[in-house]
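A structural walkthrough
The lines below spell out each chain.
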Amino acid sequence: MLSERRLEVLRAIVQDYVGTEEPVGSKALTERHKLGVSPATVRNDMAVLEEEGYIAQPHTSAGRIPTDKGYRLFVDKLAGVKPLSTPERRAIQNFLDGAVDLDDVVGRTVRLLAQLTRQVAVVQYPSLTRSTVRHVELLSLAPARLMLVLITDTGRVEQRMVDTQTPFGENSLADLRARLNSRVVGRRFTDVPNLVQDLPESFEIDDRATVKAVLATLLETLAEEAEERLMIGGTANLTRFGHDFPLTIRPVLEALEEHVVLLKLLGEAGESGMAVRIGHENAYEGLNSTSVVSVGYGSGGEAVAKLGVVGPTRMDYPGTMGAVRAVARYVGQILAES
């Protein structure tokens with residue numbers, strides 16, 4: 001276990017390196033921080049921190065920089081989550097409140113996160129597997145053609161055409177709409193197939209083919225939409241950190257194009273807790289020089305998807321964690337109200 005003083009020295013090294021981008025020396029530390037000890041003592045503390053793998057000497061300069069292990073200790077023990085200012089919170093709310101539909105919410109969230117953190121923002125669309133049905137609407141477009149509109153609790157709207165073998169009257173349509181909604185409203189998508197499987201039998205023989213066609217379209221919609229989608233923004237922000245990536249930025253950019261990799265990374269965030277993956281903790285080799293900060297978002301305390309940011313390990317962790325958490329909270333509120 002490191003002593004309190006050595007933890008303070010590590011905290012100071014991380015803060016200075018993140019702020020200045022320069023390796024940190026003992027003289028600069030004692031000048032900038034009230035550590036209450038001499039530069040010689042700080043030098044000794046830095047030697048211990050280096051020996052234990054928390055800091056390293058990047059080249060022959062006198063300064064030291066944090067390692068992945070040093071950042072991990074900083075995040076776990078030393079860094080609080082920095083709350084956003086009142087103007088920042090108001091700006092977030094005003095920007096997200098202007099969204100007109102789910103695509104707009106996700107798009108605005110990506111832009112906002114990228115601007116606030118100056119990193120790459122990644123936002124997963126709400127997963128239909130965790131969503132519930134808010135309403136199923138059925139509309140008659142022609143004697144043998146219907147439109148099915150599926151509305152989820154997260155504001156997602158899906159429209160599908162249903163061609164029927166025989167005309168389906170307005171009364172029959174109203175009856176089907178009422179019976180279908182009575183079974184599926186408020187229920188999870190994963191439960192829907194079992195809830196509707198015996199529905200056709202409750203209709204007149206002449207109507208059963210149409211009822212089956214509507215249900216088949218509904219279940220197909222669920223299967224198609226179960227595919228996870230995400231949106232990325234702010235990739236250009238990485239170019240500001242060129243020197244933070246040891247060889248080249250290309251492996252990071254290639255990793256960001258692999259949506260499966262990003263979905264897996266986001267998936268490591270708990271249901272509502274925050275996950276911070278630092279450097280080599282990221283299983284994907286292309287992201288070994290980055291950190292990923294992610295959290296779940298959703299309405300009613302249940303996460304329906306994840307969002308987060310990807311940036312260099314030399315990251316303002318308290319500020320980034322604060323921004324990610326605040327944005328997730330506001331997006332959850334919008335979904336709850338939509």
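For the structure, check the block above.
This report concerns the structure included in the present document. Computed from a prediction, not measured in an experiment: that's the story for all the values here.

Time to look at unusual backbone geometry. Its identity as a non-glycine residue notwithstanding, glutamate 21 has a phi of 65°, on the positive side. Here glutamate 21 is to be found in the loop between α1 (4-20) and α2 (26-32). Looking at glutamate 21, the relative accessible area reads 37%, which means it is partly exposed. We note that arginine 118 has phi near 60°; this positive angle belongs to a residue other than glycine. With respect to the secondary-structure elements, arginine 118 resides in the loop between α6 (102-117) and β3 (120-124). Residue classification places arginine 118 among the partly exposed positions, given a relative accessible area of 46%.

One key point about sheets: their strands pair by backbone hydrogen bonds, in either a parallel or an antiparallel sense. If you trace the 5 strands from one edge of the open sheet to the other, you get β7-β3-β10-β9-β8, paired in antiparallel fashion. Because the sheet does not close on itself, it has two edges, and the strands there are β7 (230-233) and β8 (274-278). Strand-to-strand twist in this sheet, taken as the mean axis angle between neighbours without regard to direction, amounts to 15°. Sheet topology places strand β9 (residues 290-297) next to strand β10 (residues 305-312); 8 bridges connect them, and they run antiparallel. Bridging across to β10, valine 292 finds its partner in valine 310.

If charged atoms from side chains of opposite charge come close, those side chains can pair. Considering all chains together, one arrives at 16 salt bridges under this definition. For arginine 64, the salt bridge is made with glutamate 50, and the minimal N-O distance between the two is 2.7 Å. Here the residue arginine 64 occupies a position in the loop between β1 (55-56) and β2 (65-66), and glutamate 50 occupies one in helix α3 (residues 39-51), the gap between them amounting to 14 residues. Classification of arginine 64 by relative accessible area gives buried; the value is 16%. Judged by its relative accessible area of 28%, glutamate 50 is partly exposed. When the shortest N-O distance is used, the salt bridge between arginine 177 and glutamate 137 registers 2.7 Å. Placement of the pair is arginine 177 in helix α7 (residues 170-184) and glutamate 137 in strand β4 (residues 133-142), with a sequence separation of 40 residues. Put simply, Arg5, Arg6 and Asp45 are held in one network by salt bridges that share partners.

This paragraph deals with the sheet that holds strand β6 (residues 157-163). Strand order in the open sheet formed by 3 strands is β4-β5-β6, with antiparallel pairing between adjacent strands. Strands with a single pairing partner mark the edges of an open sheet, and in this sheet they are β4 and β6. Taken pair by pair, the neighbouring strands of this sheet meet at an average axis angle of 20°, ignoring direction. Bridge analysis of strand β5 (residues 145-152) against β6 gives 7 bridges, and the strand direction is antiparallel. Paired with leucine 146 across the two strands is valine 162, which belongs to β6. Here α7 sits on the sheet and contacts β4 and β5; the angle it forms with β4, its principal contact strand, is near 165°.

On to the environment of isoleucine 55. Relative to the helices and strands, isoleucine 55 resides in strand β1. In the structure, isoleucine 55 is positioned 228 residues away from alanine 283 in sequence and 22 Å away in space, judged by C-alpha atoms.

With that out of the way, let us pick up the packing of aromatic side chains. Enumeration over the complete set of coordinates arrives at 1 aromatic pair. Ring geometry for tyrosine 71 versus tyrosine 317: centroids 5.6 Å apart, planes at 50°, classification tilted. Separated by 246 residues along the polypeptide, tyrosine 71 in helix α4 (residues 68-78) and tyrosine 317 in helix α12 (residues 317-337) bring together distant segments of the chain. For the pair formed by tyrosine 71 and tyrosine 317, the shared burial category is buried. Lying over the aromatic face of phenylalanine 203, arginine 179 brings its terminal NZ or CZ to 3.9 Å of the ring centre.

Taken together, the buried positions of α4 are occupied by Gly70, Tyr71, Arg72, Leu73, Phe74, Val75 and Leu78. Buried residues in α4 make contact with α1, β2, β8 and α12.

So, how was this worked out
Residues numbered from 1 in each chain as written. Predicted model: local features only at pLDDT ≥ 70, side-chain atom pairs only at ≥ 80, totals over all residues. Heavy atoms only, no water. Helix = DSSP H or I, 4+ residues; strand = E, 2+ residues; numbered from the N terminus. Buried < 20%, exposed > 50% of the residue type's maximum accessible area, 1.4 Å probe, protein only. Pairing = 2+ DSSP bridges. Axes fitted to C-alpha atoms, helices over the stretch in contact; angles between N-to-C directions. Salt bridge = Lys/Arg side-chain N within 4 Å of Asp/Glu carboxyl O. Contact = heavy atoms within 4.5 Å. Phe/Tyr/Trp six-rings, centres within 6.5 Å; stacked < 30°, edge-to-face > 60°. Lys NZ or Arg CZ within 6 Å of the ring centre and 35° of its normal.

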